[in-house]
Protein chains: 2
Amino acid sequence: MESLEMGVATSQERAGVLTRAWRRLMGLPKSLMVKVAELAKKAMKLGQDDPRRVTHSVKVGCALSLVSLIYYYQPLYNSFGVSAMWAVMTVVVVFEFYVGATLSKGLNRGLATLLAGALGVGAHHLASLSGKTGEPIMLGFFVFLQATGSTFMRFFPRIKAKYDYGMLIFILTFALVSVSGFREDEILEFAHKRLSTVVIGGSTCLIVSIIVCPVWAGEDLHRLIALNMEKLANFLEGFRVEYLRESEDGDSNGDKSLFRGYKSVLGSKSTEESLANFASWEPRHGRFGFRHPWRQYLKIGASIRQCAYRIEALDGYLSTKFHAPPQVQTRLKELCAEMSMEAASALKQLSSSHKTMTVPSSATPHLEKSRIAMRALKSLLKTTSWKDVTDLLAVVHAATVTSLLIDVIDCTDKVAESVNELASLSRFKTAAERAKKHAKCDEVVLTVNELEATISPENGTPPMRPDPAPVV
Amino acid sequence: MESLEMGVATSQERAGVLTRAWRRLMGLPKSLMVKVAELAKKAMKLGQDDPRRVTHSVKVGCALSLVSLIYYYQPLYNSFGVSAMWAVMTVVVVFEFYVGATLSKGLNRGLATLLAGALGVGAHHLASLSGKTGEPIMLGFFVFLQATGSTFMRFFPRIKAKYDYGMLIFILTFALVSVSGFREDEILEFAHKRLSTVVIGGSTCLIVSIIVCPVWAGEDLHRLIALNMEKLANFLEGFRVEYLRESEDGDSNGDKSLFRGYKSVLGSKSTEESLANFASWEPRHGRFGFRHPWRQYLKIGASIRQCAYRIEALDGYLSTKFHAPPQVQTRLKELCAEMSMEAASALKQLSSSHKTMTVPSSATPHLEKSRIAMRALKSLLKTTSWKDVTDLLAVVHAATVTSLLIDVIDCTDKVAESVNELASLSRFKTAAERAKKHAKCDEVVLTVNELEATISPENGTPPMRPDPAPVV
């Protein structure tokens, strides 16, 4: 009986499994459609977030189609033959998102191929002197020695940072040229063809990458630094509103995630470093000269991060309450709010003058006001006798916030200092000079704005004046 | 007269320039020698810092010599011909320092070559249907479409993290195979040769990299996390000694750089992420199973960094003095010192049980003691009336230190939590289990230690017992 039941159960189970499998199979097209739709949505978002991604992809496609012309066009193919594939390979491997990265890879590849090709030909020549049996042994020895040495060289931090790719291609080309020489008689022609196809591929990349909507790493680094300062300012403003607000009526419903943007600043070091490395390879473009002090950007970035660490510590107190002895509570809060606000304004001014490459003199008054508030706070603390304080634990939080805010102001000073250094290093214009230069442009803008204002008088908000355009 | 003098002067100057140039030329060998000696010294240091760098370089040399045998050995060369260079290229490009990185690149390259080769053959077949004039146009269109699409795919964060290299090789192989087909009739053979040489090169890399002194990314990540905890602990210990020391006799001369190791923790995110990525490709090795929860390491790393941010803020107070109202000064300092010490001990215990993969129960008492000290401190602050405080500014610093220390203890709790999660995820042994397993081993060690003690009784320090060796 039991075995019969089990038999029934298993056959039922089997049927169930089959129907489920059938349903799943039928559901496949649907779930596949859903997956594809999701993917398409994600792709759309990626493209919308940064349209340069789409142009970059099209650029790669164009460059690749361009070099594959060598295959299709008879006269070109006659002179290169199978070596044409090196051109295709170079394009695929060298073409990067940033002009600087493409340049760095292209130059590294070109130079390494030239050097290693020459050395490889030399090694082949040396090895061939030692007879038919000695040749492979000598060649193997050379390849081993060169590969081992060059691989070790790649561990030197300075070489790793700038010439890692070149070293890789150096090992590769040397091995290929010297070893192929064992089989091919026309080794010079082999080396020559490889070099010229690499040069063709590399220059195609460079030309396409620079001429068609170039993406400059320097530009992005410049913007990133400005953005990071703004993120810190946003937090400080939010902190003032959320934590140091006047009314004590319960928790506010403000969206705290709005001013938590500073979190991304904490880990931005590696991005900044690679951007600065690429930028150092880039030629003069837009507002940036050939020897633009990109290293200084790393310094500014480091001081911004210092500030961000303090802000991260400050963030922990957002949910506590600001308790100070009643007789100074209002005044202390006022001063803290002022410090926070002035530091935020200073950072915003620094960010906008960094963005427009103007001497950051507009930040100075805010920095000074923040220091005045700091001094006032210090003297308030010095003179008040806190006799009525019974619960010091509550006060400790307020004291910490105060102390961290003082730290933030010190850090802001350092950020200002490093931005000022950059301003003098790369000769930022003063606001007056910039105003003069843009007087004409501004006039036109004003006229347009006035025009708008006259056309739509029902629009209550004053027409926005665009930031002075960075045309220099 | 004047012109004569000038003439003399310029000829003297010229002579001066010449002698200087001569001297510089003569000095060249010397300065070159100095440069070479410096370089050699640096290389020595690089090798001593991590001897695995030397072995890695030798391994690359061996693997490269091994695959270049295809060129030297006639029967092998007969079957592969010029395609042998793909094997050389694969070795140079795929062989990375970590086994995981080599595996990830090798598998990516192999799979991408297989897929793109098949697609390329298909595309070539499709294009050849459209006649002699239509073929290059169709091929060009396919290559453009594929390159553009795949390049865009590389922007998807998930693909970028794990399959970026595969996408690159996919674009490359597709272009090469489909375009070469225009010229070569035996396209299937081309694709087949490319695939088999890539497989030969890739497997040579893998075998050499795994068999000869393998360098596991997982091992390094495991060690890095333990080291980072230790660095935080070192700071907290140093902080107690430097800042919360009993005697107030002037500045101490302790070397503060010794416990500033935590600074490297602040920016360790990208290293941890790439190590975790490589580790996820690695097979079972040593103490780490196939599905070891490497993602959890990133969580631990994040909580360690949270702690490091607080410590960075704390570091700013090292140069200030700890001022509290006289009646609680001693007690408050004691409690802070205890908090600092217990947090440090907890972190050290966490680090060592993470290192040995033991359940971190030994950290619990320290965590509890630190919390007891924290509660005592809070109640002390609640009950004391601070009537005698006149200069609150000085007290603010002490309050901030106290508050930040409380934060550090909260963070340490979180670190402990994430290590505990890891312990349960990857089934760490308990200390008892481990002791049982190592009982035999320990006995031997003890005997050796006793032996040492009997041999050298003049050695005052007790013989060190080595950490239980992680043999599991």
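Model, not experiment: these values are computed from the prediction.

## Focus: the overall build of chain A
And step 1. Regarding its fold elements, chain A presents 17 helices and 0 strands.
And step 2. The buried share of chain A, reckoned over its 472 residues, is 49%.
And step 3. Counting only contacts in chain A whose residues sit at least 6 apart along the sequence, the fraction spanning at least 24 positions is 79%.
And step 4. Surface accessibility of chain A: about 23800 Å² in total, with carbon and sulfur atoms responsible for 63%.

## Overview of the relation of the copies chain A and chain B
And step 1. Overlaying chain A with chain B gives an RMSD of 0.1 Å, the required rotation being 180° about an axis along which the chain moves by 0.0 Å. In the structure described here, the two chain copies are related by an operation that fits a two-fold rotation axis.
And step 2. The fraction of interface residues of chain A whose copies in chain B are also interface residues reaches 99%, indicating that both copies meet through the same surface.

## Concerning the interface of chain A and chain B
Quoted interface sizes are often the accessible area lost when the parts come together.
And step 1. With 75 residues of chain A at the interface, the matching set in chain B holds 74 residues.
And step 2. Taken over both partners, the interface formed by chain A and chain B buries close to 7200 Å², and the fraction arising from carbon and sulfur atoms is 73%.
And step 3. When residues of chain A are sorted by the area they lose upon contact with chain B, Tyr72(A), Phe155(A) and Arg183(A) head the list and together hold 10% of the total.
And step 4. For the interface between chain A and chain B, the tally reads 2 salt bridges.
And step 5. Note that Glu312(B) and Arg310(A) form a salt bridge whose closest N and O atoms lie 3.9 Å from each other.
And step 6. Between chain A and chain B we count 10 residue pairs in polar contact (both at pLDDT 80 or more) in total.
And step 7. The leading source of residues in the side of chain A that touches chain B is helix 2 (residues 52–67) of chain A, at 10 residues.
And step 8. Per-class residue counts for the side of chain A that touches chain B are 45 nonpolar, 19 polar and 11 charged.

## Here we look at the environment of Gly286(B)
Residues and elements named next belong to chain B.
And step 1. Along the chain, Gly286 falls in the loop between helix 12 (269–279) and helix 13 (294–315).
And step 2. Residue classification places Gly286 among the exposed positions, given a relative accessible area of 67%.
And step 3. Remark: the alpha-carbon pair of Gly286 and Glu219, spanning 67 residues in sequence, is separated by 8.7 Å.

## Focus on the pattern of salt bridges
Pairs can form between side chains of opposite charge once their charged atoms are near each other.
And step 1. Per the stated rule, a full pass over the model turns up 38 salt bridges over all chains.
And step 2. Between Arg223(B) and Asp220(B) there is a salt bridge whose closest N-O contact spans 3.7 Å. Taken together, the residues Arg223(B) and Asp220(B), both in helix 10 (residues 217–243) and 3 residues apart, mark about one turn of the helix.
And step 3. A cluster of three or more residues bridged by salt bridges with shared partners is formed by Asp50(A), Arg52(A), Asp220(A) and Arg223(A).

## Details of the domain arrangement of chain A
Residues and elements named next belong to chain A.
And step 1. Here chain A is described as being made up of domain 1 (53–211) and domain 2 (217–436).
And step 2. At the interface, 11 residues of domain 1 touch 9 residues of domain 2.
And step 3. Between domain 1 and domain 2, the buried area comes to about 850 Å², and carbon and sulfur atoms account for 70% of it.
And step 4. The largest per-residue losses of area from domain 1 upon contact with domain 2 belong to Tyr98, Gly100 and Lys162, which jointly make up 51% of the total buried on that side.
And step 5. Seen at the junction of domain 1 and domain 2, the total is 0 salt bridges.
And step 6. Inspection of the region where domain 1 meets domain 2 yields 4 residue pairs in polar contact (both at pLDDT 80 or more).
And step 7. Put simply, the parts of the chain that give the side of domain 1 that touches domain 2 at least two residues each are helix 6 (99–128) and helix 8 (157–180).
And step 8. Per-element tally for the side of domain 1 that touches domain 2: the top contributor is helix 6, with 7 residues.

## With respect to the packing of aromatic side chains
And step 1. Summed over all chains, the structure comprises 25 aromatic pairs over all chains.
And step 2. For the pair Phe235(A) and Tyr262(A), a centre-to-centre distance of 5.1 Å together with 65° between the ring planes defines the contact as edge-to-face. With a gap of 27 residues between them, Phe235(A) in helix 10 (residues 217–243) and Tyr262(A) in the loop between helix 10 and helix 11 (263–266) connect regions that are remote in the sequence.
And step 3. Looking at Tyr262(A), the relative accessible area reads 0%, which means it is buried.
And step 4. For the ring pair Phe97(B) and Tyr98(B), a centre distance of 5.1 Å and an interplane angle of 75° mean the geometry is edge-to-face.
And step 5. For Lys162(A), the ring lying beneath its charged end belongs to Trp281(A), and the centroid distance is 5.3 Å.
And step 6. When the ring centre of Trp86(B) is taken as origin, the NZ or CZ atom of Arg194(B), which lies over that ring, is 4.1 Å away.

## Some details on the environment of Ile159(A)
And step 1. In this fold, Ile159(A) is placed in helix 8.
And step 2. With 112 residues separating them along the chain, Ile159(A) and Thr271(A) place their C-alpha atoms 19 Å apart.

## Some points on the packing of helix 5 (residues 84–94) of chain A against helix 5 (residues 84–94) of chain B
And step 1. Orientation of helix 5 of chain A relative to helix 5 of chain B, taken along the N-to-C sense of each, is 25°, at an axis distance of 14 Å. Between helix 5 of chain A and helix 5 of chain B, the angle is such that the two are roughly parallel. As helix 5 of chain A runs across helix 5 of chain B, the sense of the crossing is right-handed. On the side of helix 5 of chain A, the interface is formed by Met85(A), Trp86(A) and Met89(A), while helix 5 of chain B contributes Met85(B), Trp86(B) and Met89(B).
And step 2. For the contact of helix 5 of chain A with helix 5 of chain B, a count of residues per class yields 6 nonpolar, no polar and no charged.

## Some remarks on the state of the cysteines
Residue and element names in this part refer to chain A.
And step 1. Taken as a whole and judged by the stated rule, the model has 0 disulfides over all chains.
And step 2. Free cysteine: Cys205, not disulfide-bonded; nearest cysteine sulfur from Cys62 at 12 Å.
And step 3. Relative accessible area serves as the criterion here: at 0%, Cys205 is assigned to the buried category.
And step 4. Among the cysteines around Cys336, which has no disulfide bond, Cys307 carries the closest sulfur, lying 15 Å off.
And step 5. Relative accessible area serves as the criterion here: at 0%, Cys336 is assigned to the buried category.

## What to know about the side chain of Thr400(A)
And step 1. Mapped onto the elements, Thr400(A) comes out in helix 16 (residues 392–425).
And step 2. Not counting residues within four places of it along the chain, the set of residues in contact with Thr400(A) comprises Tyr317(A), Ala399(B), Thr400(B) and Ser403(B).

## Thoughts on the side chain of Glu342(A)
Residue and element names in this part refer to chain A.
And step 1. Here Glu342 lies in helix 14 (residues 326–356).
And step 2. No salt bridge forms around the buried Glu342; measuring N to O, its nearest opposite-charge neighbour Lys369 is 4.5 Å away.
And step 3. The residues touching Glu342, leaving out its near neighbours within four places in the chain, are His366, Lys369 and Ser370.

## Considering the environment of Ser178(A)
All names here are of chain A.
And step 1. Relative to the helices and strands, Ser178 resides in helix 8.
And step 2. In sequence terms Ser178 and Arg245 are 67 residues apart; their C-alpha atoms lie 74 Å from each other.
And step 3. Not counting chain neighbours up to four residues away, the residues in contact with Ser178 comprise Gly120, Ala123, His124, Leu139 and Val143.
And step 4. Looking at Ser178, its side chain comes within polar contact range of the main-chain oxygen of Phe174, at 2.7 Å.

## Observations concerning helix 10 of chain A
And step 1. Along its 27 residues, helix 10 of chain A runs 38 Å from first to last C-alpha, staying within 8% of the 39 Å computed at 1.5 Å per residue.
And step 2. Of all 27 residues making up helix 10 of chain A, 19 are buried, and the element is well covered by its neighbours.

## Observations regarding the confidence of the model for chain A
Residues and elements named next belong to chain A.
And step 1. Of the residues in chain A, 84% have a pLDDT of 70 or more, and the chain-wide mean is 82.
And step 2. Mean pLDDT across the secondary structure elements of chain A bottoms out at helix 17 (residues 431–455), with 51, and peaks at helix 2, with 93.
And step 3. Under a pLDDT of 50 for its full length, residues 441–472 has, in the predicted model, 18 contacts with residues more than four places off or in other chains.
And step 4. The ipTM, which scores confidence in the relative placement of chains, is 0.80 for this predicted complex, and the corresponding pTM is 0.80.

## A short note on the packing of helix 5 of chain B against helix 9 (residues 187–211) of chain B
All names here are of chain B.
And step 1. Relative orientation of the contacting elements helix 5 and helix 9 amounts to 40°, with a least axis distance of 8 Å. If you check the angle between helix 5 and helix 9, you find them oblique. The way helix 5 lies across helix 9 gives a crossing that is right-handed. Where helix 5 approaches helix 9, its residues Ala84, Trp86, Ala87, Thr90, Val91 and Val94 are matched on the opposing element by Arg194, Thr197, Val198, Gly201, Gly202 and Cys205.

## Focus on unusual backbone geometry
Residues and elements named next belong to chain B.
And step 1. The phi torsion at Cys213 lies on the positive side, around 35°, for a residue other than glycine.
And step 2. Turning to its location among the elements, Cys213 is positioned in the loop between helix 9 and helix 10.
And step 3. The backbone of Met357 shows a phi angle near 55°, a positive value even though the residue is not glycine.

Rules and cut-offs
Residues numbered from 1 in each chain as written. Chains lettered and ligands numbered in written order. Predicted model: local features only at pLDDT ≥ 70, side-chain atom pairs only at ≥ 80, totals over all residues. Heavy atoms only, no water. Helix = DSSP H or I, 4+ residues; strand = E, 2+ residues; numbered from the N terminus. Buried < 20%, exposed > 50% of the residue type's maximum accessible area, 1.4 Å probe, protein only. Contact = heavy atoms within 4.5 Å. Areas by Shrake-Rupley, 256 points an atom, 1.4 Å probe, with all protein chains shown as cover. Least-squares fit on C-alpha atoms with pLDDT ≥ 70 in both. Buried area = accessible area lost by both parts, 1.4 Å probe. Salt bridge = Lys/Arg side-chain N within 4 Å of Asp/Glu carboxyl O. Polar contact = N/O pair within 3.5 Å; in protein donor to acceptor, adjacent residues only side chain to side chain. Nonpolar A, V, L, I, M, F, W, Y, C, P; charged D, E, K, R; others polar. Domains from an automatic or database assignment. Phe/Tyr/Trp six-rings, centres within 6.5 Å; stacked < 30°, edge-to-face > 60°. Lys NZ or Arg CZ within 6 Å of the ring centre and 35° of its normal. Axes fitted to C-alpha atoms, helices over the stretch in contact; angles between N-to-C directions. Parallel < 35°, antiparallel > 145°, perpendicular 65-115°, else oblique. Left-handed = near helix turned anticlockwise from the far one by under 90°. Disulfide = S-S within 2.5 Å. Lys, Arg positive; Asp, Glu negative; His and termini not counted. Expected span 1.5 Å × (residues − 1). pLDDT = per-residue confidence, 0-100.

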